[in-house]
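Chain and residue survey
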Amino acid sequence: MQFMLLFSRQGKLRLQKWYVAHPDKAKKKITRELITTILARKPKMSSFLEWRDLKIVYKRYASLYFCCAIDQEDNELLTLEVIHRYVELLDKYFGSVCELDIIFNFEKAYFMLDELVVGGEVCETSKKNVLKAIAAQDLLQEDETPPNALFDEHGLG
Amino acid sequence: MPAVRGDGMRGLAVFISDIRNCKSKENEVKRINKELANIRSKFKGDKTLDGYQKKKYVCKLLFIFLLGHDIDFGHMEAVNLLSSNKYTEKQIGYLFISVLVNTNSDLIKLIVQNIKNDLNSRNPVHVNLALQCIANIGSKEMAEAFGHDIPKLLVSGETMDVVKQSAALCLLRLFRTNPDIIPGGEWTSRIIHLLNDQHLGVVTAASSLIEALVKLNPDEYKGCVSLAVSRLSRIITASYTDLQDYTYYFVPAPWLSVKLLRLLQHYPPPEDPGVRGRLNECLDAILNKAQEPPKSKKVQHSNAKNAVLFEAISIIIHSDSEAALLVRACNQLGQFLSHRETNLRYLALETMCLLATSEFSHEAVKKHQETVINSLKTERDVSVRQRAVDLLYAMCDRTNAEQIVHEMLNYLESADYSIREEMVLKVAILAEKYAGDYTWYVDVILNLIRIAGDYVSEEVWYRVIQIVVNREDVQGYAAKTVFEALQAPACHENMVKVGGYILGEFGNLIAGDKRSAPQVQFQLLHSKYHLCSASTRALLLTTYIKFINLFPEIKTEIQNILKCDSNLRCSDAELQQRASEYLHLSLVTSTDVLATVLEEMPPFAEKESSILAVLKKKSGRMSAQEAHKEARAAGGAGGAAAAVAAGAVKNSTNDKNAKNSSADLFGISTPPVNSQNNSSSNTGVLVDVLGDLYSSSNNSSMPSVATNGTNSASPATLTSGVTDNIKKFVCKNNGVLYENDIIQIGVKSEFRQNLGRIGVFYGNKTSMPLQGFLPSVSISSADSGRVSVQVKPVESTIEAGAQVQQFVNCECIDHFEDLPEMLVCFTYGSVPQRLSLKLPLSINKFFEPTDMNGESFFARWKNLSSPSQESQQIFKTTCPMESGSIRTKVMGFGMQILEGIDPNPENFVCAGILHTRTQQIGCLMRLEPNRQAQMYRLTIRASKDGTAKILCNLLSQQF
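Reading the values: rules and limits
- Residues numbered from 1 in each chain as written.
- Chains lettered and ligands numbered in written order.
- Predicted model: local features only at pLDDT ≥ 70, side-chain atom pairs only at ≥ 80, totals over all residues.
- Heavy atoms only, no water.
- Helix = DSSP H or I, 4+ residues; strand = E, 2+ residues; numbered from the N terminus.
- Buried < 20%, exposed > 50% of the residue type's maximum accessible area, 1.4 Å probe, protein only.
- Contact = heavy atoms within 4.5 Å.
- Areas by Shrake-Rupley, 256 points an atom, 1.4 Å probe, with all protein chains shown as cover.
- Buried area = accessible area lost by both parts, 1.4 Å probe.
- Salt bridge = Lys/Arg side-chain N within 4 Å of Asp/Glu carboxyl O.
- Expected span 1.5 Å × (residues − 1).
- Pairing = 2+ DSSP bridges.
- Phe/Tyr/Trp six-rings, centres within 6.5 Å; stacked < 30°, edge-to-face > 60°.
- Lys NZ or Arg CZ within 6 Å of the ring centre and 35° of its normal.
- Core = buried A, V, L, I, M, F, W, Y, C linked by side-chain atoms within 4.5 Å.
- Axes fitted to C-alpha atoms, helices over the stretch in contact; angles between N-to-C directions.

Regarding the overall build of chain B
The secondary structure content of chain B amounts to 42 helices and 17 strands. The buried share of chain B, reckoned over its 959 residues, is 57%. Sequence-distant contacts, at least 24 apart, represent 68% of the contacts inside chain B between residues at least 6 apart. Only carbon and sulfur atoms are counted for the fraction: they give 50% of the accessible area of chain B, which is about 40300 Å².

Some details on the interface of chain A and chain B
Facing 64 residues of chain A, the contacting portion of chain B comprises 86 residues. Here chain A and chain B share an interface that buries about 6800 Å² over both sides, 54% of which is from carbon and sulfur atoms. Area buried by chain A at its contact with chain B is led by L77(A), F104(A) and F106(A), which between them contribute 10% of it. Our enumeration of links across chain A and chain B arrives at 5 salt bridges.

Concerning helix 5 (residues 127-139) of chain A
Compared with the 18 Å implied by 1.5 Å per residue over 13 residues, the 18 Å span of helix 5 of chain A between its first and last C-alpha is a close match. Looking at the buried positions of helix 5 of chain A, the neighbouring elements they touch are helix 2 (76-94) and helix 4 (106-116) of chain A together with helix 5 (87-99) and helix 7 (124-137) of chain B.

Focus on the pairing of strand 15 (residues 908-915) of chain B
All names here are of chain B. Among the 8 residues that make up strand 15, 7 are buried, leaving the element largely enclosed by the rest of the structure. Note that strand 12 (residues 847-849) and strand 15 share 3 bridges and pair antiparallel. Counterpart to F847 in the pairing with strand 15 is L914. Two strands pair when backbone bridges link them, and strand 15 and strand 16 (residues 920-930) are joined in this way by 8 bridges, in the antiparallel orientation. Looking across to strand 16, one finds that I913 is bridged to G922. Hairpin geometry of strand 15 and strand 16 is characterised by an intervening segment of 4 residues between the two adjacent antiparallel strands.

Considering the packing of aromatic side chains
Residues and elements named next belong to chain B. Considering all chains together, one arrives at 29 aromatic pairs over all chains under this definition. Aromatic pair F522 and Y544: ring centres 4.9 Å apart, planes at 75°, arrangement edge-to-face. Here F522 is found in helix 28 (residues 518-529), whereas its partner Y544 is found in helix 29 (residues 534-550), with 22 residues between them in sequence. You can call Y544 buried: its relative accessible area is 0%. Stacked on the ring of Y529, the Lys or Arg R537 has its end atom at 5.4 Å from the ring centre.

Some details on the nonpolar core
By size, the foremost hydrophobic cluster in this structure holds 283 residues, and its most contacted members are Y86(A), I115(B) and F146(B). If near-sequence neighbours (up to four positions away) are discounted, I115(B) is found in contact with Y94(B), A130(B), C133(B), I134(B), M142(B) and F146(B).

Notes on the sheet that holds strand 2 (residues 13-18) of chain A
Within a beta sheet, neighbouring strands are joined by backbone hydrogen bonds and run either parallel or antiparallel to one another. Residues and elements named next belong to chain A. Here 5 strands make up an open sheet; going across it, the order is 2-1-5-4-3 and the pairing antiparallel. What marks the edges here is a single partner per strand, and that holds for strand 2 and strand 3 (48-51). Geometrically, the sheet is characterised by an average inter-axis angle of 20° between neighbouring strands, direction not taken into account. Examined bridge by bridge, strand 3 and strand 4 (residues 54-61) share 4 bridges and lie antiparallel to one another. Bridged to W51 within strand 4 is L54.

Observations regarding the pattern of salt bridges
When the charged atoms of two side chains with opposite charge come close together, those side chains can pair. Under the criterion given, the structure shown has 49 salt bridges over all chains. Residue E50(A) is joined to R387(B) by a salt bridge in which the shortest nitrogen-to-oxygen separation is 2.9 Å. Of the two residues, E50(A) is situated in strand 3 and R387(B) in helix 21 (residues 382-395); the pairing between them involves two chains. A relative accessible area of 36% means that E50(A) is categorised as partly exposed. Under the relative-accessibility criterion, R387(B) is labelled buried at 3%. R926(B) is the partner of D902(B) in a salt bridge, and the nearest nitrogen-oxygen pair spans 2.6 Å. On the criterion of sequence distance, the pair formed by D902(B) in the loop between strand 14 (896-897) and strand 15 and R926(B) in strand 16 is long-range, its members being 24 residues apart.

Here's what the structure looks like:
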């Protein structure tokens, strides 16, 4: 997967995750172009489209569009299910997730995605395991790791 | 405001609320600027912020950045957070730097150090955070800093499963940045054996990594085939309860299954009959499951199940050897064609296109013709209709061409504008390819012009004219048909062009009929004249002068037209010139001369339809399909080869188009098409194929691959395009290193002392992007440690026609023998390409020329007298022994030519110092050409043992 975008029906970008480096300007252009293209599509249309040399897979959940760009040889149907698994995880975590949850807890949405997808590839497909990892993070408020000596050395502590 | 989870930051939530409540963009910007000022003052203030506050402000900055505003501070505070002992602070720090990577080198060092600390942490949650960060950034620096540790982490028995998963994918990301970081040798088998891991999550992550490694180096990882097959087989035969949480909506481990099937597609069907049998059983089982009633009504179940199914079909198509499986796959897809899910219809149409190109399943695909035609008419999504058009095109053959063309013409009347042009091209190609009877072909093309005239490109109507000119049997029919078509009250300008040209050539064939008498023909054409553009008028003027020759009885009438002010004084120079020249031609020349000048056009050269090239150029998807098809045509002898051939077809035909469109196809001043083509048209295909082999690639290379389907032609096109100039680079630093029909690789290099910088330029010659572009350089094991190269990364895509450059920094550490290997991998169409080349880096590049007099030369020569310091070769030459060119080569070799030392002026005596990191090697050389014998004697002495031999081998190959 090359990138994933979450945006609202009004075309507001809610989350962006890039697995291939692009300059900021290019990212903005790509985002604009895809949001316009996808919002113009009708409900009964296929979830796939060809765009530049990539395949775009997208799906709408309530007011949010989830959109992934994948390589030619990647599997479209399974990408739909990566999206779905992500939605399930958000749903489970926030308890029936809505757009506002993702706006106000955007950092959590990122953390969750990092558990599911690493470097553009699916890392852990088990819902139980991902939720376990996230729960472990939430528990780790206070860690016993000693302060990093290096930073003191640099006067940055 | 919704509840904030975890240890939510209230200040952040308030800020986000504020932003959301802003009524206008200006308000929002104002609020953000206020916040930025606040954060800046907090960061700069005297009061030390505690971790929580830092985290909160960094998080606000991140939010502002994600809203689309620029952030130019706060990086240091974010890096500070990395070393926090509170996990959530650390996490926010990592998130910030992952999103806002800054190349500021001071910070990078700090970041790397922090990541290192976390990687060594005993807490797996911290290790994972570090790994995810590396994978998110994936920069060159990261590859350098962690390329060593992560493989260890991945295969170590002590690493926890969750960490292994991240490590595998982290390594994959770094491998994409720099392929050299993957250790070879024993690591290969340790990595492959991750496929046997107990933990399915580990296997899933590892299989992604292995798939990428296999893509670049299939031989090295061959061992994974049998492991992958047995893993797959265990999953497929498992019941959905066996795999617990790795079962997704009643489908056992769909992600892993798809990955394994993908991995296996990089290999031919397994040779071991046992493995092969097991794989076929799996594929069979997957096809069987597709027929079972669904275990759930949820779309997730069907998607996951079908994702595996499509991947299985993909491997079946890829191996193209099991007829039974191919037919079963086709039948399965046939069912999807009328499925209620649009997505499945879309994918089925797309995949069937590939099945249509296999001889085993072509007939099976044809059974679904009615359904496909029906989807063309009823699908509501244009992208699905587009797929249907593609499939009809792919399944077309002699038996169904008339019906398919008929249906496509029907559809064209109502087709979406976005796909009309491509459809026109496809119809034109099919009509020509499968025309049993050329009257049908003429009808189809005229219909195309009638229905979609605006979308009929020049190539299409040029082509119909070429065919009519070349086929006597259809000329009368064509004249009659265009004459009728021109009678329509509003006819397209393209029709006027075709009509004008054909009547000008063959109007006499229908002039016997009173209804199409010369005068009627002329008046019909001239009635359109004033409505047409200048280029069409120019064409019509040529038709008129041709009429003067064909029909002397209307000569005066035509002369009057030519004479009239609107032509003779036309503001368009071309029209004015034509009118005046044609008029004078008709006034002053005898009928004999006129008849000679205006004779019927000779036949055009029989070539591949240029339309096909346009179609390929138009859509990348098409070219991929064609490449696939041609891979099969070439007997499956490697997709890469066929793709090269396809590239050749494309390039040469494009050249031709350029020629055609610039030349005046009709002007009297230009002889009708060039005579060189005429001569070859009579001699037939065989000579053209040979012509390909012997002629230079840019001119008459005839693209015979696609249309006539002669397999023998593809190797011909293949060999013609490739040049590898590596040998020449021993004595020069700049130039074209390698070129084939897809890519041109140029080199520009400079050297100083023991250092060098080689700029490599990759130019994409095609009209499709080259993807997954990944050049890599490796040093032979014999030379490892003697020379070092450092390859800068390049972008993974080279756009059509674009060039990218890559720098390779090199250092000579000790004398070395072999040129470094250069492997260039990329995907063209969907076909992976691998070019195995050499980097033009030879030891002599590090020469410094040294001047000396005869006395010191001989003294040194004598000093270097041990046998291992000298090397001598006597060899015959194949090149002409011209002293100028010998001198150029010797100078290019890098040593100083010393004049006046050797009594024989024909001989060359040279001296130079080789700079390596460890030492300087003094070298002396004598080269004696013997013209009578066409031989050379080359003697080299060098201060280091063995160096002379290396140099001698290098230089002797240059003559």
